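# Residue-level structure breakdown
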Amino acid sequence: MPKPNRPLSPFMQYRWQYTNTLSILHRVTGILLSLSFFVLVYWLVAVAGGPERHAAAVECLGSPLLKLVMFGGLMSFCYHLLNGVRHLFFDAIIGFDRPTARASGWAVAIASVILGVTFWFLLGASLGGAA
């Protein structure tokens, strides 16, 4: 029996491109934002629970591991926000040509790092170094 002439799956045809990375990163940051939401809920419940629970939560959230988690959540937020705006322009068929899409992809990646680090230090300064 002859083999049917079927199209191959895209991952078997194409080489890896930056757009693949940006798309996957957008999905991953969305998942990380969902998981970071639990840290926010923990803090809000502790605030509602009174001064003792809030103090315990602040002590817990001040650990290096949770600071790293919060920093990752902030970076995820910045990337997901900026790349979401980029996708809104794509939906309006603006900037969809290859050179503009490439430039906007780099701009989103660089701006999200700058924005995330800036927010991290601004939050740390406004919270007295708690961030």
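Just above, that's the structure.
Residues numbered from 1 in each chain as written. Predicted model: local features only at pLDDT ≥ 70, side-chain atom pairs only at ≥ 80, totals over all residues. Heavy atoms only, no water.

## Details of the overall build of the chain
Condition: Secondary structure follows DSSP: runs of H or I at least 4 residues long count as helices, runs of E at least 2 residues long count as strands, and numbering of each begins at the N terminus. The classification of residues rests on relative accessible area computed with a 1.4 Å probe and restricted to protein chains. Under 20% of the type maximum is buried, over 50% is exposed, and intermediate values are partly exposed. What makes two residues a contact is simply this: any of their non-hydrogen atoms within 4.5 Å. Calculation of accessible area relied on Shrake-Rupley with a 1.4 Å probe; when residues are assessed, cover is drawn exclusively from the protein chains displayed.
Across its full length, the chain carries 5 helices and 0 strands. For the chain, the sequential pattern of α-helices and β-strands runs α-α-α-α-α. Relative to its full complement of 131 residues, the chain shows a buried share of 20%. A separation threshold of at least 6 residues defines the contact pool for the chain, and within that pool the share at least 24 residues apart is 63%. Put simply, the chain shows about 9,600 Å² of open surface, and 74% of that area lies on carbon and sulfur atoms.

## Some remarks on a nonpolar patch on the surface
What counts is decided by this rule: Patch membership requires more than 30% relative accessible area and the absence of a salt bridge. Residues of like charge join within 9 Å; the nonpolar side chains Val, Leu, Ile, Met, Phe, Trp and Tyr join within 5 Å. Each reported salt bridge corresponds to a side-chain nitrogen of Lys or Arg within 4 Å of a carboxyl oxygen of Asp or Glu.
On the surface, Trp16, Ile24, Leu25, Val28, Ile31, Leu32, Leu35 and Phe38 cluster together into a nonpolar patch covering about 800 Å² of accessible area. Secondary-structure assignment places Phe38 in helix α2 (residues 18–48).

## Examining unusual backbone geometry
Even without being a glycine, Ile93 presents a positive backbone phi close to 55°. Within the secondary structure, Ile93 sits in the loop between α4 (64–91) and α5 (98–126).

## Digging into the side chain of Asn83
Heads up, the rule is: Polar contacts, as counted here, are pairs of nitrogen or oxygen atoms within 3.5 Å of one another; within protein the pair requires one atom able to donate a hydrogen and one able to accept it, and residues that are adjacent in sequence qualify only if both atoms are side-chain atoms.
Examined against the element boundaries, Asn83 turns out to sit in helix α4. A polar atom in the side chain of Asn83 sits 3.1 Å from the side chain of His26. If sequence neighbours within four positions are ignored, Asn83 has contacts with Leu22, His26 and Val108.

## Some thoughts on the packing of α4 against α5
Spelled out, the test is: Note on geometry: axes are C-alpha line fits, over the in-contact stretch for helices, and angles between N-to-C directions span 0 to 180 degrees. Definitions for this section: a left-handed crossing has its near helix turned counterclockwise from the far helix by less than a right angle. A right-handed crossing has that turn clockwise. Basically, the charged four are Asp, Glu, Lys and Arg, the nonpolar ten are Ala, Val, Leu, Ile, Met, Phe, Trp, Tyr, Cys and Pro, and anything else, Gly included, counts as polar.
Where α4 meets α5, the axes come as close as 9 Å, and the angle between the chain directions of the two elements is 145°. Pair α4 / α5 crosses with right-handed handedness. Two secondary-structure elements touch here, α4 through Lys67, Met70, Phe71, Leu74, Met75, Cys78, Tyr79, Leu82, Asn83, Arg86 and Phe90 and α5 through Ala101, Ser104, Gly105, Val108, Ala111, Ser112, Val113, Leu115, Gly116, Val117, Phe119 and Trp120. Residues belonging to the contact of α4 with α5 are distributed by class as follows: 16 nonpolar, 5 polar and 2 charged.

## Description of the side chain of Ser112
Tracing the backbone through its elements, the reader meets Ser112 in helix α5. Ignoring any residue separated from it by four or fewer positions in sequence, one finds Ser112 in contact with Met75, Cys78, Tyr79 and Leu82.

## Regarding the packing of aromatic side chains
Defined as follows: To pair, rings of Phe, Tyr and Trp, with the six-membered ring standing in for Trp, must have centres within 6.5 Å; the planes then decide the type, stacked if under 30 degrees apart, edge-to-face if over 60, and tilted in the middle.
Within the structure shown, the criterion is met by 2 aromatic pairs. Arranged with centres 5.3 Å apart and planes meeting at 80°, the rings of Phe71 and Trp120 form a pair that is edge-to-face. Taken together, the residues Phe71 in helix α4 and Trp120 in helix α5 connect sequence positions 49 residues apart. Both rings, one in Phe90 and one in Phe96, keep their centres 5.2 Å apart while their planes meet at 75°; by these two values the pair is edge-to-face. Since its relative accessible area comes to 56%, Phe96 is described here as exposed.

## Let's talk about the packing of α2 against helix α3 (residues 51–61)
Quick note on the threshold: In these notes the angle categories are as follows: under 35 degrees is roughly parallel, over 145 is roughly antiparallel, 65 to 115 is roughly perpendicular, and the rest is oblique.
Look at α2 against α3: their axes get within 7 Å of each other, and the N-to-C directions meet at 150°. When the axis of α2 is compared with that of α3, the two are roughly antiparallel. Two packed elements cross with a definite hand, and for α2 against α3 that hand is left-handed. Contact residues: α2 offers Val39, Tyr42, Trp43, Val45, Ala46 and Val47, while α3 offers Arg53, His54, Ala56, Ala57, Cys60 and Leu61. Taken together, the residues that form the contact of α2 with α3 break down as 10 nonpolar, 1 polar and 1 charged.

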